[in-house]
Amino acid sequence: MTDAANCTVSGGSPAQLPRVFPVEGLPARVRIHEVGPRDGLQNESAIVPVEVKAEFIRRLAAAGLTTVEATSFVHPKWVPQLADAEELYPRLDGLSGVRLPVLVPNARGLERALALGAREVAVFASATESFAHANLNRTVDGALEMFEPVVARAKREGLRVRGYLSMCFGDPWEGPVPVDQVVRVCRALAGMGCDELSLGDTIGVATAGHVHALLAALRTAGLPAAGPSAAGPTLAVHFHDTYGQALSNTLAALQNGVATVDASAGGLGGCPYAKSATGNLATEDLVWMLNGLGIETGVDLAALSATSHWMAERLGRPSPSRTVRALAGTASPTSSQEQ
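Residues numbered from 1 in each chain as written. Predicted model: local features only at pLDDT ≥ 70, side-chain atom pairs only at ≥ 80, totals over all residues. Heavy atoms only, no water.

(A) Structural view of the confidence of the model for the protein. Mean pLDDT over the protein works out to 90, with 88% of the residues at or above the 70 mark. Confidence over residues 1–14 falls short of pLDDT 50; this stretch has 29 contacts with residues more than four positions distant or in other chains. In this model residues 331–339 is a low-confidence stretch, pLDDT under 50, and it forms 13 contacts with partners more than four residues away in sequence or in other chains. (pLDDT = per-residue confidence, 0-100. Contact = heavy atoms within 4.5 Å.)

Shown next, in the form of structure tokens:
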């Protein structure tokens, strides 16, 4: 594990932070599912040049992130920021040891991904009718019917499939979302053959107790965090930080056995169809907490922070990540990513 003790401060002395205090019952290692290049950049008002996106992904990989969600094969009309997916994906050839999943909305999106050699795809469902209509122009069940042949085809092709589920904790139109409603859609996605389910707090209203309750209900329904007998879908969590609860919610998920956490470098992202959604949990803030708990991630925090600072400069605004801002005043990374 590379932790913040390897950062240096002015004068070159070790920062020695955060101090490590393991907590019993938490996973020994967490896999970070980095969503910045996709979920983050799709919410930028400006179009980021394809060469900058490719360099961003390469820097994230060099910082030790082993799963980097690269792009989306949604129709350019709906997400123009990612209209260059066919140009971007081939630029990532040669990245070894890095999983590069892509989002696909339907059969056409899957065909585009397969044509470029993608080996991991994700579909995105909703736990609520209002968001399903806003995001997919379908009912919840109508969207599931659309995804079923997509997942089946992907599995036949030997692809790994992730199922995103939005609005698991609250909906801007419908308010609180019943736990059993979320469980029903999770079971449907699991039944299709999804290898992993990502539980999304799309507008950032979850609290730690709510996280415990949902994961307990999923266990009761035969969907524990690590999958039934490690044979079914694993569970991941995807928190937004609207009310500053993303880290506490993540800790609650870890206490329930979740060992895959979505995060976005520099805290980029939100949701274009839910205007109340603020940024994703910042990857640097997550790594800082995990380092302090003695949980391995394989991520070099100094290199990651330098990468997010680099991207923030290209976006023309400071990073919202508290850890990036804190380290910017003290760390002096020697990585070539600084340039």
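Next comes the rest of the write-up.
(B) Structural context of the packing of aromatic side chains. Enumeration over the complete set of coordinates arrives at two aromatic pairs. With centroids separated by 6.3 Å and ring planes inclined at 55 degrees, the aromatic side chains of phenylalanine 124 and phenylalanine 147 adopt a geometry described as tilted. Residue phenylalanine 124 is located in strand S5 (residues 120–126), and its partner phenylalanine 147 is located in helix H6 (residues 140–156); the two are separated by 23 residues in the primary sequence. Since its relative accessible area comes to 11%, phenylalanine 124 is described here as buried. Centroid distance phenylalanine 169 to phenylalanine 239: 6.1 Å. Interplanar angle 45 degrees. Geometry classified as tilted. On the criterion of sequence distance, the pair formed by phenylalanine 169 in the loop between strand S6 (160–166) and strand S7 (170–171) and phenylalanine 239 in strand S10 (residues 234–239) is long-range, its members being 70 residues apart. Classification of phenylalanine 169 by relative accessible area gives buried; the value is 5%. In this arrangement the basic side chain of arginine 38 is found over the ring face of tyrosine 164, its NZ or CZ atom lying 5.5 Å from the centre. Looking at arginine 59, its charged tip hangs above the ring of tryptophan 310, at a distance of 4.2 Å from the centre. (Phe/Tyr/Trp six-rings, centres within 6.5 Å; stacked < 30°, edge-to-face > 60°. Helix = DSSP H or I, 4+ residues; strand = E, 2+ residues; numbered from the N terminus. Buried < 20%, exposed > 50% of the residue type's maximum accessible area, 1.4 Å probe, protein only. Lys NZ or Arg CZ within 6 Å of the ring centre and 35° of its normal.)

(C) Just the pairing of strand S1 (residues 31–34), in detail. Neither face of S1 is left uncovered, since the one carrying Arg31 and His33 and the one carrying Ile32 and Glu34 both have all their residues buried. Here S1 pairs with strand S11 (residues 260–263) via four bridges, running parallel. Residue pairing for S11: glutamate 34 is matched across the bridge by alanine 263. As defined by bridge partners, S1 adjoins strand S2 (residues 67–68) across two bridges and the pair is classed as parallel. Paired with glutamate 34 across the bridge in S2 is valine 68. (Pairing = 2+ DSSP bridges.)

(D) Examining the environment of leucine 199 more closely. The topology assignment puts leucine 199 in strand S9 (residues 196–201). A relative accessible area of 2% places leucine 199 in the buried class. Each C-alpha atom of the pair leucine 199 and leucine 214 lies 9.6 Å from the other, and the pair is 15 residues apart in sequence. Non-local contacts of leucine 199, meaning those with residues more than four positions away in its chain, are made with Leu165, Cys168, Cys186, Leu214, Leu215, Leu218, Ala236, Val237 and His238.

(E) Quick peek at the pairing of S5. Summarising burial for S5: seven of the seven residues are buried, a large majority. Alternating residues of S5 divide into Glu120, Ala122, Phe124 and Ser126 and Val121, Val123 and Ala125, and every residue in both groups is buried. Since strand S4 (residues 102–103) and S5 lie parallel, the crossover through helix H4 (residues 107–115) that links them has a hand, and here it is right-handed. In the sheet, S5 pairs with S6 via seven bridges, with the strands oriented parallel. Bridge pairing in S6 places alanine 125 opposite leucine 165. (Right-handed = clockwise from strand over helix to strand, strands pointing away.)

(F) Up close: the state of the cysteines. Applying the stated rule across the entire model yields zero disulfides. A disulfide-free cysteine, cysteine 168 has its sulfur positioned 5.7 Å from the sulfur of cysteine 186, the nearest such atom. Relative accessible area serves as the criterion here: at 1%, cysteine 168 is assigned to the buried category. (Disulfide = S-S within 2.5 Å.)

(G) Representation of helix H10 (residues 283–292) in the model. Counting buried positions over the ten residues of H10 gives nine, a clear majority of the element. Listing the buried residues of H10 in full gives Thr283, Glu284, Asp285, Leu286, Val287, Met289, Leu290, Asn291 and Gly292. Check the buried side of H10 and you find it contacts S1, helix H9 (246–255), S11, helix H11 (301–315) and helix H12 (322–328). Trailing H10 by a residue or two, glycine 294 shows a phi angle of about 75 degrees, which is positive.

(H) Representation of the pattern of salt bridges in the model. Summed over all chains, the structure comprises 21 salt bridges. Put simply, glutamate 44 and arginine 317 hold a salt bridge, and the shortest N to O gap is 2.3 Å. Here glutamate 44 is found in the loop between helix H1 (36–40) and helix H2 (50–62), whereas its partner arginine 317 is found in the loop between H11 and H12, with 273 residues between them in sequence. On the basis of relative accessibility, which here comes to 31%, the residue arginine 317 falls in the partly exposed class. (Salt bridge = Lys/Arg side-chain N within 4 Å of Asp/Glu carboxyl O.)

(I) Quick look at empty space enclosed by the protein. For the coordinates displayed, the defined rule picks out two cavities of 30 Å³ or more. Lining the largest cavity are Ala265, Gly266, Leu268, Ser308, Met311, Ala312, Leu315, Arg317, Ser319 and Pro320. In terms of residue class, the lining of the largest cavity is built from six nonpolar, three polar and one charged. In this structure, the second largest cavity occupies an estimated 40 Å³ of space. Lining the second largest cavity we find His33, Arg99, Pro101, Glu120, Val121, Arg160, Val161, Arg162 and Glu196. Among the secondary structure elements, those contributing two or more residues to the lining of the second largest cavity are S5 and S6. With three residues, S6 is the largest single contributor of residues to the lining of the second largest cavity. Taken together, the residues that form the lining of the second largest cavity break down as three nonpolar, one polar and five charged. (1 Å grid on protein atoms, 1.4 Å probe; cavity = no way out; pocket = protein on both sides within 12 Å on 5 of 7 lines; lining within 4 Å. Points joined across faces, edges and corners; volume = space filled by probe spheres on them. Nonpolar A, V, L, I, M, F, W, Y, C, P; charged D, E, K, R; others polar.)

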